[in-house]
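Listed below, chain by chain, are the residues.
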Amino acid sequence: MQVFTTTQELREFIAQYKSQNPTKTIGLVPTMGALHKGHLSLIETSRAHCDCTIVSLFVNPTQFGANEDFSQYPRKKEADLHICNKAGVNVVFMPEIEQMYPLDSTLQITFNAPKAMANVLEGKTRPGHFNGVLQIVLKLFNLVRPNKAFFGQKDAQQLLIVQKMVQDLFLPIQIIPCPIVRNEEGLALSSRNAYLSANGIQQALKISASLNATTKAIMRGIKESQELKRIALEILEGLEVEYFEIVNHELQPLEQIQKDSTLILVVARVEGVRLLDNLWF
Ligand code: AMP
């Protein structure tokens, strides 16, 4: 496994790899590190699809708001490298901020994710978040020039907005969505779970339980979003629910669920930790 910390090393590797292996494919797995089994499943999927898997480990400052946990976000470089090595990753790219953002913020090109998709749900409380996501993802795409890039369905809004960028800007990259990985009890794995106490983890199980109850209600034939929301909120009682929304793939609210084009999203805080989960239906 090769580890690069500069954009120059990475670009040289990519240029050489592409010229020496013109028919081989490159898979990119962008992450912010503190890797867990959720990330690992993206890496394994990339290994199954592509000849060369590149994992980026970079806590991207431009996607964090002023009052968010950028400085506290868990950083576990040594453990991450060990996980990548064991998982058969070919290249890890772990740059310092200056490598990705060499210029003062007033001199940077910035992005405007489409408002209809970016100012709702996560974007309501995290203004500018998806602009920062698109900025770093496009930088990584341009450095790595992957054939395929792997994103978790866990961050559903991010996945849909990245897919939109690829479509709108005609990027020659295939986005592969990967299913949510959960612990044995159903809690969606997240680097932020590390902030929770044992009791917090038990409380957090209500989040996936609310989605399971929604699935069961749908199976019983309930289609109205309002009724599904009522059922879910009953289970989420006691948690600080930020939102429970039923939307289509353009992230617009649905009055009734529609098979194969519905996304049910929940965000709740447990012990002050913001936890996301969702269901693609
Ligand atoms: P992050 O490091 O949190 O930015 O996540 C990097 C990638 O891993 C994103 O595409 C996430 O959607 C994905 N990911 C994070 N947690 C999970 C999970 N529990 N299951 C599947 N993918 C995940």
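For every chain, the first residue of its written sequence is number 1, and the numbers climb from 1 along that sequence. Note on the predicted model: pLDDT of at least 70 is required for a residue's local features to be given, and 80 or more for side-chain atom pairs to be given and counted; whole-chain, interface and lining totals, by contrast, use all residues. Hydrogens are left out, water is left out, and the side-chain values use all remaining heavy atoms of the structure.

Undergrad: Would you take a moment to explain the packing of helix 7 (residues 129-144) against helix 8 (residues 156-168) for this structure?
TA: Packed helices, taken two at a time, are described by the angle their axes make and the gap between the axes. At their nearest, the axes of helix 7 and helix 8 sit 10 Å apart, and the two run at 55° to each other. On the basis of their axis angle, the class for helix 7 and helix 8 is oblique. Here helix 7 runs over helix 8; the crossing is right-handed. Contacts between helix 7 and helix 8 involve Phe130, Val133, Leu134, Val137, Leu138 and Phe141 on the former and, on the latter, Gln157, Gln158, Ile161, Val162, Met165 and Val166. Within the contact of helix 7 with helix 8, the residues separate by chemical class into 10 nonpolar, 2 polar and no charged. Axes here mean lines fitted to C-alpha atoms, for a helix over just the part in contact, with angles spanning 0 to 180 degrees between N-to-C directions. The helix count covers DSSP runs of H or I at least four residues long, the strand count covers runs of E at least two residues long, and both are numbered beginning at the N terminus. Should an angle lie under 35 degrees it is considered roughly parallel, over 145 roughly antiparallel, and from 65 to 115 roughly perpendicular; all remaining angles are considered oblique. Each helix crossing is assigned a hand: it is left-handed if the near helix lies turned anticlockwise from the far helix by less than a right angle, otherwise right-handed if that turn is clockwise. Any pair of residues with heavy atoms lying within 4.5 Å of one another is described as a contacting pair. Under this grouping Gly is polar, as are all residues other than the nonpolar Ala, Val, Leu, Ile, Met, Phe, Trp, Tyr, Cys and Pro and the charged Asp, Glu, Lys and Arg.

Undergrad: Is there a simple way to think about the pattern of salt bridges in this case?
TA: Opposite charge on two side chains permits them to pair, given that their charged atoms come into close proximity. When a carboxyl oxygen of Asp or Glu is within 4 Å of a side-chain nitrogen of Lys or Arg, the pair counts as a salt bridge. Evaluation of the coordinates by the stated rule reveals 12 salt bridges. The closest approach of N and O atoms between Asp69 and Arg192, which form a salt bridge, is 3.0 Å. Separated by 123 residues along the polypeptide, Asp69 in the loop between strand 3 (52-57) and helix 3 (77-86) and Arg192 in the loop between strand 6 (174-178) and helix 9 (198-219) bring together distant segments of the chain. Take Asp69 and Arg192: they sit in the same class, and that class is buried. Between Arg182 and Asp277 there is a salt bridge; the shortest N-O distance is 2.9 Å. One end of the pair, Arg182, is in the loop between strand 6 and helix 9; the other, Asp277, is in strand 9 (residues 273-280), and 95 residues separate them in sequence. Only protein chains enter the area calculation, which uses a 1.4 Å probe; residues under 20% of their type maximum are buried, those over 50% are exposed, and those in between are partly exposed.

Undergrad: What am I meant to see in the site of the ligand here?
TA: The nearness test applies per residue and asks whether one of its heavy atoms lies within 4 Å of the molecule or strand. Neighbouring the ligand are 17 residues, the closest being Met32, Gly152, Asp155, Val181 and Leu189. For the ligand, an oxygen atom lies 2.9 Å from a polar atom in the side chain of His39. Here an oxygen atom of the ligand sits 2.6 Å away from a polar atom, N or O, in the side chain of Asp155. Every accessible area reported is derived by Shrake-Rupley at a probe size of 1.4 Å, with residue values counting cover from the shown protein chains alone. For the ligand, the accessible surface in isolation is 480 Å², of which the surrounding protein chains cover 93%. Nitrogen and oxygen atoms within 3.5 Å of one another constitute a polar contact, given that in protein one can donate a hydrogen and the other can accept it, and given that sequence-neighbouring residues count only through two side-chain atoms.

Undergrad: Just to check I follow, could you spell out unusual backbone geometry for this structure?
TA: Of all residues except glycine, most have a negative phi; of all peptide bonds, most are trans. A positive phi is found at Ala34, a non-glycine position, where the angle reads about 50°. On the basis of relative accessibility, which here comes to 7%, the residue Ala34 falls in the buried class. Of note, the phi angle at Arg145 is positive, near 45°, even though the residue is not glycine. Checked against the element boundaries, Arg145 lands in the loop between helix 7 and strand 5 (148-152). By relative accessible area, Arg145 is classed as partly exposed at 42%.

Undergrad: It is not clear to me how the sheet that holds strand 9 should be interpreted in this structure. Could you clarify?
TA: Either a parallel or an antiparallel arrangement is found when strands of a sheet pair, and the pairing is made through backbone hydrogen bonds. Pairing between strands is defined by DSSP: at least two bridges between them are needed. Pairing in this open sheet of 3 strands is antiparallel, and the strands run 7-8-9 from one edge to the other. Strands with a single pairing partner mark the edges of an open sheet, and in this sheet they are strand 7 (240-247) and strand 9. Across this sheet, the average inter-strand angle for adjacent strands is 10°, counted without regard to direction. Of the pairings in the sheet, the one linking strand 7 to strand 8 (residues 263-270) comprises 7 bridges and is antiparallel in character. Bridged to Glu240 within strand 8 is Arg269. Across the face of the sheet, helix 8 comes into contact with strand 8 and strand 9 while running at roughly 65° to strand 9. Each of strand 7, strand 8 and strand 9 is contacted by helix 9, which is oriented at about 160° to strand 8, the strand it contacts most.

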